[in-house]
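# Breakdown of the fold
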Amino acid sequence: MTTATPTRTPVARSLDAIRADFPALARHEQGHPVAYFDGPGGTQVPRAVGDAMTSYLYQHNANTHWAYPTSAETDALLADARVTFADFFNATPADVSFGNNMTTIAFHLARGLARGWREGDEIVVTELDHHANVGPWRAVARDRGLVVRSVPLDTTTFRHQANALAGLVGKRTRMVAIGAASNALGTITDVAEACAIARAAGALSFVDAVHYAPHELVDVRAIGCDFLACSSYKFYGPHAGILYARADLVQGLDVPKLDPAPEEAPERLETGTQNHEGIVGAAAAVDYLASLADGEGTRRARLARAYAALHARGELLTARLWDGLSAIDGVTLYGPPPGTPRTPTIVFTVRGRSTEDVAKALVQRGVYASNGDFYAATVTERLGRGADGFVRAGAACYTSADEVDRLVAGVGELEW
């Protein structure tokens, strides 16, 4: 194996028991049980999350802040969801707001922040990032005459060029927008260091944790960021976006909002009626993750134990997948190797075959894997892959070693 066997942390449920929680795993394709390797684009949902959403819609569905019981119940459920995500982020409920998805949140936040910036002020983004953390900042830069600087990708290490960020941050920098993990290459970045560089220059920091949050427990206090966003559909929840934003910054933020809407943080960031069932489901996804931990303790403590266990399992699966694919002639892998800071997400290409052809061929073995650029278009361009991009396979909490072996065998059978 590429890496040594990591220390195991006990979990309350075996892999078989975890898999039993996911109704989607009962699906069959071409006579095979489906192996879902598409988690980096959206994971499957456990029954507990669907039940929580159904319960809300059938028993508590109402708009907020009115005097009748279902409205009060909705208020309480949304408040509970803020507490849940405060535990998830290691923050306070006043720092937690909700939106459609990370992309929409980033556009909304960028517009509000840019209203306070001047022509010639600077924003730093990176070539490694998903464009949801690039496009919104470039859009406000065009509108307001701001300057965008980009941290280059080192195409040999699949990380940011060493020391490049520090050289780009200066007196005119107003925002450093950086991803905690690459949804294309699996690279995990030291965002705490990046946020410290921004803070020392008097700039704000925004962290895209969409691909990070499913695999590493977020700690906004340790990261030292001002803003951080993620999407619950990447960690076993519904399609909803969640934002950590320092309440003191939100209170003075000139965000687009209606006059009658709440003025106080965090609700002043939430335009219109929210996706209540999605928020309830997102909180249920966090509780599901906490339920995987062995033993008692606070939600945060149980999350920490669950993530440690899932991380150890993910490292084993990553090494198994990497080694299996590396042994196949004609396969090229991209991204940092196992044993280095990375997520259990691997991208590859097969000589003489388009990535779509590979993905379609894997379906014959009941393997669902995504392909393309995954909106990390700059990464694919810098690595010379263009629109064809990569085949991407990501391990989730329900992924088994047998499924990894089935994917590797499917790739090995391809002819070119």
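Rules of the game
Residues numbered from 1 in each chain as written. Predicted model: local features only at pLDDT ≥ 70, side-chain atom pairs only at ≥ 80, totals over all residues. Heavy atoms only, no water. Helix = DSSP H or I, 4+ residues; strand = E, 2+ residues; numbered from the N terminus. Rg over C-alpha atoms; globule rule 2.2 N^0.38 Å. Buried < 20%, exposed > 50% of the residue type's maximum accessible area, 1.4 Å probe, protein only. Contact = heavy atoms within 4.5 Å. Areas by Shrake-Rupley, 256 points an atom, 1.4 Å probe, with all protein chains shown as cover. Pairing = 2+ DSSP bridges. Axes fitted to C-alpha atoms, helices over the stretch in contact; angles between N-to-C directions. Arc of directions from axis to C-beta. Polar contact = N/O pair within 3.5 Å; in protein donor to acceptor, adjacent residues only side chain to side chain. Parallel < 35°, antiparallel > 145°, perpendicular 65-115°, else oblique. Left-handed = near helix turned anticlockwise from the far one by under 90°. Nonpolar A, V, L, I, M, F, W, Y, C, P; charged D, E, K, R; others polar. 1 Å grid on protein atoms, 1.4 Å probe; cavity = no way out; pocket = protein on both sides within 12 Å on 5 of 7 lines; lining within 4 Å. Points joined across faces, edges and corners; volume = space filled by probe spheres on them. Phe/Tyr/Trp six-rings, centres within 6.5 Å; stacked < 30°, edge-to-face > 60°. pLDDT = per-residue confidence, 0-100.

### Remarks on the overall build of the chain
The helix and strand inventory of the chain stands at 14 helices and 17 strands. For 416 residues, the compact-globule estimate of 2.2 N^0.38 gives 22 Å, and the chain sits close to it at 21 Å. Each of the three principal axes of the chain carries a C-alpha extent, and together these read 60 × 50 × 35 Å. Split into buried and exposed, the 416 residues of the chain put 53% on the buried side. In the chain, of all internal contacts separated by at least 6 residues, the share reaching a separation of at least 24 is 68%. Accessible surface for the chain amounts to roughly 17000 Å². Of this, 50% is attributable to carbon and sulfur atoms.

### Notes on helix H5 (residues 135-144)
Along H5, the residues that are buried comprise Pro 136, Trp 137, Ala 139, Val 140 and Ala 141. Against the buried residues of H5 lie helix H4 (102-114), strand S5 (122-126), strand S6 (147-151), strand S9 (173-179) and strand S10 (204-208). Backbone geometry just downstream of H5 places Gly 145 in the positive-phi region, at approximately 70°.

### Some remarks on the sheet that holds S10
Adjacent strands of a sheet form backbone hydrogen bonds with each other and so pair up, either parallel or antiparallel. Strand order in the open sheet formed by 7 strands is S4-S12-S11-S10-S9-S5-S6, and the pairing between neighbours is mixed. Strands with a single pairing partner mark the edges of an open sheet, and in this sheet they are strand S4 (96-99) and S6. Averaged over all adjacent pairs, the angle separating strand axes in this sheet is 20°, with direction ignored. As judged from the 5 bridges shared by strand S11 (residues 227-231) and strand S12 (residues 241-245), these two strands associate in the antiparallel manner. Its bridge partner lying in S12, Leu 228 is registered against Tyr 244.

### Looking at the sheet that holds strand S17 (residues 390-394)
With antiparallel pairing, 4 strands are arranged side by side in an open sheet as S13-S14-S17-S16. The open sheet terminates on both sides in strands that have one partner only, identified here as strand S13 (331-334) and strand S16 (370-372). On average, adjacent strands in this sheet sit at an angle of 35° to one another, irrespective of strand direction.

### Digging into helix H7 (residues 191-200)
Along an α-helix, residues three or four apart share an orientation, since each turn contains 3.6 residues. Along H7, the residues classified as buried are Val 191, Ala 194, Cys 195 and Ala 198. Buried residues of H7, seen end-on, are gathered within an arc of 95° and therefore sit on one face of the element. Buried residues belonging to H7 abut helix H6 (164-168), S9, S10 and helix H8 (220-223). The distance from a side-chain oxygen at the start of H7 to the backbone nitrogen of Ala 192 is 3.3 Å, and the residue carrying that oxygen is Asp 190.

### Digging into the packing of helix H3 (residues 69-89) against helix H10 (residues 276-291)
The geometry of H3 relative to H10 is characterised by a closest axis approach of 9 Å and an angle of 40° between their N-to-C directions. Compared by their axis directions, H3 and H10 come out oblique. The hand of the H3/H10 crossing is left-handed. Between H3, through Thr 74, Leu 77, Leu 78, Ala 81, Thr 84, Phe 85 and Phe 88, and H10, the contact on the second element is made entirely by His 276, Ile 279, Val 280, Ala 282, Ala 283, Val 286 and Asp 287. Per-class residue counts for the contact of H3 with H10 are 10 nonpolar, 3 polar and 1 charged.

### Considerations on the pairing of S9
Among the 7 residues that make up S9, 6 are buried, leaving the element largely enclosed by the rest of the structure. Across 3 bridges, the pairing between S5 and S9 is parallel. Note on S9: the bridge partner recorded for Glu 122 is Thr 173. Judged from the 5 bridges that link them, S9 and S10 form a sheet pairing that is parallel. Within the sheet, the bridge partner assigned to Val 176 lies in S10 and is Ser 205.

### Quick look at empty space enclosed by the protein
Here the structure, examined in full by the defined rule, presents 1 cavity of 30 Å³ or more. Along its surface, the largest cavity is lined by Phe 37, Leu 317, Thr 318, Leu 321, Pro 344, Thr 345, Ile 346, Ala 393, Gly 394, Ala 395, Thr 399 and Val 404. Among the secondary structure elements, those contributing two or more residues to the lining of the largest cavity are helix H11 (299-326), strand S14 (345-350) and S17. A per-element tally of the lining of the largest cavity places H11 first, with 3 residues. In the lining of the largest cavity, the residues fall into 8 nonpolar, 4 polar and no charged.

### Here we look at the packing of aromatic side chains
Within the structure shown, the criterion is met by 16 aromatic pairs. Taking 6.5 Å as the distance between ring centres and 55° as the angle between the ring planes, the aromatic pair formed by Phe 85 and Phe 235 counts as tilted. A residue pair is termed long-range when its members are at least 10 positions apart, and Phe 85 in helix H3 and Phe 235 in the loop between S11 and S12 qualify at 150 residues. According to the relative accessible area criterion, Phe 235 is buried, its value standing at 0%. With 5.7 Å between their ring centres and 55° between their planes, Phe 88 and Phe 89 make a pair best called tilted.

### Remarks on the confidence of the model for the chain
In this model, the chain carries an average pLDDT of 95, and 97% of its residues clear a pLDDT of 70 or more. Note that pLDDT drops below 50 for residues 1-7; the model gives that stretch 16 contacts with residues more than four away or on any other chain.

### Looking at the packing of H4 against H5
At their nearest, the axes of H4 and H5 sit 8 Å apart, and the two run at 30° to each other. Overall, the two elements H4 and H5 adopt an arrangement that is roughly parallel. The element H4 and its partner H5 pack so that their crossing is right-handed. Residues Thr 103, Ala 106, Phe 107, Ala 110, Arg 111, Leu 113 and Ala 114 of H4 form the contact with H5, whose own contacting residues are Gly 135, Pro 136, Trp 137, Ala 139, Val 140 and Arg 144. A breakdown of the residues in the contact of H4 with H5 according to their chemical character gives 9 nonpolar, 2 polar and 2 charged.

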